[in-house]
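# A closer look at the structure
Chain by chain, the residues:
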Amino acid sequence: MIPRQISIIFTYKCNFFCDHCSMMASPSENMVFDFSLFKKIIDEAREIPSIYTIVFTGGEPTLYFKKLLRFINYSYENGFNTRLITNAWWAYSYSSALSMVRELRKSGLREINISFDDFHYYWLKKYYKGEENLVNAVKASLEEGLRTLIAIARYSSGQKITKSYVVNLLKKEGVDFKRIIISEGYISKIGRALNVHTTFNRDDLNILRNEVRKPCTEIGTTITIKPDGKILACCGHIIRTKAADLFEVGNAYNDSLREIIKRLWRNILFWTIYLKGPYYVLKNILETNDNIEDNFISKCEICYLLGTKFKSKLINYFYKNKYNIINSLRIYYKGYKDE
């Protein structure tokens, strides 16, 4: 559970209103990360050798483009790898995409992660150029030498935008798709995604059942900082829900990153989730087998339950049994390292 990257929630504002957004980002939001706070974070992160990457996400960070460039540049000048997560609304032509990406690269951006799926495509097609936005953004990013990723949200076996669909689109447009990382991840039924109808075939269901039972290697390795300074131990979909309180480890305005990391390492719930997973906590520690249907799409949904419905029970259990849990984790951790 070593922190390797910091995820900056640059803003909750977004020019899209995607149905699956667990962050509940929207055009009506206005909060933006403060640069003086960000400078403090980067100055402290510079003294922590394990932290390598600074991620800018939202919302849509490019809506505050000049300010974003300043944040990226300060990160880059202090030796960090930089990544931007964007919906590529700005790539309505190749020239506009190239101009945007060129400025981002000059400021120090090294990775770009483009969100493209049925949900994002709806808004791209409604207000911009649809698939052309993705193609233009990818071409410009490759031209400028950025590490380029495309993230696809899975929610149905019958959805239009899949990995194979994107590969065929890029091939048709003459883009070397082998230079791009294309990933598919299942949505979490949290936030607005609660209203999304999901349908999966047997293969998808088998993948989901297997995945949600695994440990969560994101907790403690990615530290998320929200615009109000609150720091969370993970980068999951519970960030803007009531469950976030359980995973909050401090506030960047008042606490140093070194102190935050010490708190992470002292938290036996985080270690349990990291080594055994939230499903283990829900089913084996809290013994909720008779209370919860086993139809989770993601680990984040389980953490949402841990931080809301079962929060009091969880805290009481860990408080009363902390020494037994610590001893069991020591044994498990030894086996985990020996594998």
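Above: the structure in question.
Right, let's walk through the structure included here.

What counts, and at which threshold
- Residues numbered from 1 in each chain as written.
- Predicted model: local features only at pLDDT ≥ 70, side-chain atom pairs only at ≥ 80, totals over all residues.
- Heavy atoms only, no water.
- Helix = DSSP H or I, 4+ residues; strand = E, 2+ residues; numbered from the N terminus.
- Rg over C-alpha atoms; globule rule 2.2 N^0.38 Å.
- Buried < 20%, exposed > 50% of the residue type's maximum accessible area, 1.4 Å probe, protein only.
- Contact = heavy atoms within 4.5 Å.
- Areas by Shrake-Rupley, 256 points an atom, 1.4 Å probe, with all protein chains shown as cover.
- Phe/Tyr/Trp six-rings, centres within 6.5 Å; stacked < 30°, edge-to-face > 60°.
- Lys NZ or Arg CZ within 6 Å of the ring centre and 35° of its normal.
- Lys, Arg positive; Asp, Glu negative; His and termini not counted.
- Salt bridge = Lys/Arg side-chain N within 4 Å of Asp/Glu carboxyl O.
- Pairing = 2+ DSSP bridges.
- Right-handed = clockwise from strand over helix to strand, strands pointing away.

Along its length, the chain carries 14 helices and 9 strands. For a compact globule of 339 residues, the expected C-alpha radius of gyration is about 20 Å, and the chain comes in at 20 Å, within 12% of that figure. Principal axes of the C-alpha set define a box for the chain whose edges measure 60 × 50 × 40 Å. Classification of the 339 residues of the chain by burial places 56% in the buried group. When contacts within the chain are restricted to residue pairs at least 6 apart in sequence, long-range pairs at least 24 apart make up 73% of them. Total accessible area computed for the chain in this model is approximately 15800 Å², and 49% of it derives from carbon and sulfur atoms.

Further remarks concern unusual backbone geometry. Glycine 59 follows glycine 58 through a cis peptide bond whose omega is 15°. Topologically, glycine 59 is positioned in the loop between strand E2 (53-57) and helix H2 (65-77). Here methionine 24, not a glycine, exhibits a phi torsion of approximately 55°, which is positive. By the secondary structure assignment, methionine 24 is in the loop between strand E1 (5-9) and helix H1 (35-45).

Moving on to the packing of aromatic side chains. Within the structure shown, the criterion is met by 20 aromatic pairs. Ring centres of phenylalanine 247 and phenylalanine 270 lie 6.1 Å apart, and the angle between their planes is 10°; on these two criteria the pair is classed as stacked. Of this pair, phenylalanine 247 sits in helix H8 (residues 244-247) while phenylalanine 270 is found in helix H10 (residues 268-275), placing the two residues 23 residues apart along the sequence. No difference in accessibility class separates phenylalanine 247 from phenylalanine 270, as the two residues are buried. For the pair tyrosine 317 and phenylalanine 318, a centre-to-centre distance of 6.1 Å together with 70° between the ring planes defines the contact as edge-to-face. When its relative accessible area of 8% is taken as the criterion, phenylalanine 318 is described as buried. Linked through ring pairs, Phe10, Phe33, Phe35, Phe38, Phe56, Phe71 and Tyr74 together constitute an aromatic cluster. Across the ring face of phenylalanine 35, the terminal group of arginine 70 is positioned such that the distance to the ring centre comes to 3.7 Å. Across from the ring centre of tyrosine 12, 3.7 Å away, lies the NZ or CZ of arginine 240, which sits over that ring.

Below, the discussion takes up the side chain of glutamate 131. Mapped onto the elements, glutamate 131 comes out in helix H5 (residues 131-143). Comment: no salt bridge for buried glutamate 131; closest opposite-charge side chain is lysine 160, at 4.1 Å. Beyond its immediate chain neighbours, meaning those up to four positions away, glutamate 131 contacts Phe116, Tyr121, Lys160, Tyr165 and Leu169.

On inspection of all chains with the given rule, the structure shows 17 salt bridges. Across the pair lysine 39 and aspartate 43 runs a salt bridge whose closest N-O atoms are separated by 3.3 Å. Taken together, the positions of lysine 39 and aspartate 43, both in helix H1 and 4 residues apart, correspond to about one turn of that helix. Taking the relative accessible area as the measure of exposure, lysine 39 reaches 35% and is therefore partly exposed. The exposure class of aspartate 43 is partly exposed, given its relative accessible area of 23%. With its nearest N and O atoms 4.0 Å apart, the salt bridge here joins aspartate 43 to arginine 46. When salt bridges that share partners are traced, they join Lys39, Asp43, Arg46 and Glu47 into one network.

Of all 5 residues that make up E2, 5 are buried, and the element is covered over most of its length. Burial along E2 is two-sided: the face carrying Thr53, Val55 and Thr57 and the face carrying Ile54 and Phe56 are both buried. Strand direction decides the pairing type here: E1 and E2, joined by 5 bridges, are parallel. Among the inter-strand pairings, isoleucine 8 is bridged to a residue of E2, identified as phenylalanine 56. Here 4 bridges tie E2 to strand E3 (residues 81-86), and the two strands are oriented parallel to one another. Looking at E3, one finds that threonine 53 is bridged to asparagine 81. Chirality of the crossover, the property in question, places the unit of E2, H2 and E3 among those that are right-handed.

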